[in-house]
Amino acid sequence: MRESLPLSVTLEVRDRCLCLYLQRAARAVGRYFDEVLRPLGLTNGQYSLLMSLNRPEPPKIAEVAMVLAMDRTTLTASIKPLERRGLLTSFQDPEDKRVRRLKLTEEGLDLLERAVPVWRKTHDRLDGVVADDLPRLRENLLALAFALPEDEEEISG
């Protein structure tokens with residue numbers, strides 16, 4: 001241990017670091033949802049991705065990436081196994097050949113119909129843990145997800 005980096009700094013980070021708190025909670029909640037969705041052959045990330053496609057018009061990949069707060073490369077990697085399983089299709093936008101859109105297949109819709117009751121039951125349990133001010137928690141998490149800069153210059157400047 002260095003004199004310039006005493007235990008008090010470690011304790012400060014442990015007690016104050018929002019990133020640490022969010023990561024711990026996200027890992028715990030993610031594992032919990034992964035476990036309950038496993039019998040359906042889904043992870044929590046796959047469930048969220050499929051659900052983000054459940055809309056009247058097939059969304060552009062960039063729109064889905066924004067909703068899920070993912071970069072397009074990671075999203076594309078996440079799409080591939082779901083596409084191989086026949087749960088979604090990707091296709092070129094008829095009006096802009098540079099753009100790809102995503103659409104749930106009938107199999108994907110069927111799987112989501114089976115997954116929603118599992119998700120609801122699990123979510124009801126989790127909501128009970130933080131029920132005191134759940135709307136404020138969601139509002140604050142959403143603000144964090146979309147208020148932080150993504151541009152490297154903006155971050156370091």
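Data block above holds the structure.
Conventions used here
Residues numbered from 1 in each chain as written. Predicted model: local features only at pLDDT ≥ 70, side-chain atom pairs only at ≥ 80, totals over all residues. Heavy atoms only, no water. Helix = DSSP H or I, 4+ residues; strand = E, 2+ residues; numbered from the N terminus. Rg over C-alpha atoms; globule rule 2.2 N^0.38 Å. Buried < 20%, exposed > 50% of the residue type's maximum accessible area, 1.4 Å probe, protein only. Contact = heavy atoms within 4.5 Å. Axes fitted to C-alpha atoms, helices over the stretch in contact; angles between N-to-C directions. Parallel < 35°, antiparallel > 145°, perpendicular 65-115°, else oblique. Nonpolar A, V, L, I, M, F, W, Y, C, P; charged D, E, K, R; others polar. Patch = residues over 30% accessible without salt bridge, like charges linked within 9 Å, V, L, I, M, F, W, Y side chains within 5 Å. Areas by Shrake-Rupley, 256 points an atom, 1.4 Å probe, with all protein chains shown as cover. Salt bridge = Lys/Arg side-chain N within 4 Å of Asp/Glu carboxyl O.

Novice: How would you summarise the overall build of the chain if you had to cite specific residues and measurements?
Specialist: What the chain contains, in helices and strands, is 8 helices and 2 strands. Shown N-terminal to C-terminal, the secondary structure of the chain runs as helices and strands in the order α-α-α-α-α-β-β-α-α-α. Computed over the C-alpha atoms, the radius of gyration of the chain is 19 Å, more than 25% above the 15 Å expected from 2.2 N^0.38 for a compact globule of 157 residues. Along the three orthogonal principal directions, the C-alpha set of the chain runs to about 60 × 40 × 30 Å. Scored against the burial criterion, the 157 residues of the chain give a buried share of 22%. Sequence-distant contacts, at least 24 apart, represent 47% of the contacts inside the chain between residues at least 6 apart.

Novice: Can you break down the packing of helix α1 (residues 7-16) against helix α2 (residues 18-37) residue by residue, with the values?
Specialist: Two elements in contact, α1 and α2, have axes separated by 6 Å at closest approach and are oriented at 55°. Relative to α2, the element α1 is oriented oblique. Contact with α1, carried on its side by V13, R14, D15 and R16, involves L18, L20 and Y21 of α2 and no other residues of that element. Class assignment for the residues of the contact of α1 with α2 results in 4 nonpolar, no polar and 3 charged.

Novice: Which residues make up a nonpolar patch on the surface, and what are the values?
Specialist: A cluster of nonpolar residues, L18, Y21, L22, V129, V130, L137 and L141, forms a patch on the protein surface that exposes about 590 Å² of accessible area. Going through the elements one at a time, α2 and α7 (134-147) are the ones with two or more residues in the nonpolar patch. Take the nonpolar patch: its biggest share by element is 3 residues, from α2. Tracing the chain through its elements places V130 in the loop between α6 (106-129) and α7.

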